[in-house]
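Remarks on the overall topology
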Amino acid sequence: MGALSFFGLLFLGAGPLIIVFLALVARKSFLVLLGLARLSTHVLEQIARDNTGSALTLADRFSLSLTHGLGHGVVHTLFFFVSWLPFSLGDGTLYVGSCPHMSYYLVGALSTLGFAALHTGSMVVALDGWEKRDMRQGLLPSGAHLATALLVR
């Protein structure tokens, strides 16, 4: 596979994460910093009340949840896709036995894309459930993640 395939697979697997980051998170520098710091919503709520006298808005809470989920998706993408993608630059390619017309790297890009969406969306659902103190909603994403992980061989 050549450089064209490499970059095509890279943009397929990591492109949507980059777009979401640039469109929603990067516009607000505090989200980037908080995504790196991993502060809980309750700590941020207290900081907002102390500094501005008002609580976080619903949009702020959603942005924080999205940032945390996006962080999980980015880490998953880096460890389980981008780390082995340079091997696709070699002289041959690997194909998946169960689907011989799809390369191993294409299957990896699509799987990474699915898991990144799962991580991002489930973090929004989980943090909303934890904030509402609804244990079923808070634990539903963990159960969905476990079920999805068990489906992958």
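Residues numbered from 1 in each chain as written. Predicted model: local features only at pLDDT ≥ 70, side-chain atom pairs only at ≥ 80, totals over all residues. Heavy atoms only, no water.

Between helix 1 (residues 3-25) and helix 5 (residues 104-132), whose axes approach to 8 Å, the crossing angle comes to 5°. The pairing of helix 1 with helix 5 is recorded here as roughly parallel in orientation. Between helix 1 and helix 5, the residues in contact are Leu9, Leu12, Gly13, Pro16 and Leu17 and Tyr105, Leu106, Ala109, Leu110, Thr112, Leu113, Ala116 and Thr120, respectively. Split into classes, the residues belonging to the contact of helix 1 with helix 5 amount to 10 nonpolar, 3 polar and no charged. (Axes fitted to C-alpha atoms, helices over the stretch in contact; angles between N-to-C directions. Helix = DSSP H or I, 4+ residues; strand = E, 2+ residues; numbered from the N terminus. Parallel < 35°, antiparallel > 145°, perpendicular 65-115°, else oblique. Contact = heavy atoms within 4.5 Å. Nonpolar A, V, L, I, M, F, W, Y, C, P; charged D, E, K, R; others polar.)

Moving on, we get to a nonpolar patch on the surface. Taken together, the side chains of Ile18, Phe21 and Leu22 make up a nonpolar region of the molecular surface, amounting to roughly 260 Å² of accessible area. By the secondary structure assignment, Ile18 is in helix 1. (Patch = residues over 30% accessible without salt bridge, like charges linked within 9 Å, V, L, I, M, F, W, Y side chains within 5 Å. Areas by Shrake-Rupley, 256 points an atom, 1.4 Å probe, with all protein chains shown as cover. Salt bridge = Lys/Arg side-chain N within 4 Å of Asp/Glu carboxyl O.)

To continue, consider the nonpolar core. Core analysis: the biggest nonpolar cluster contains 9 residues, these being Phe6, Leu9, Leu10, Ala14, Phe81, Trp84, Leu85, Tyr105 and Ala109. Those elements that provide at least two residues to this core are helix 1 and helix 5. It is helix 1 that provides the largest number of residues to this core, a total of 4 residues. (Core = buried A, V, L, I, M, F, W, Y, C linked by side-chain atoms within 4.5 Å. Buried < 20%, exposed > 50% of the residue type's maximum accessible area, 1.4 Å probe, protein only.)

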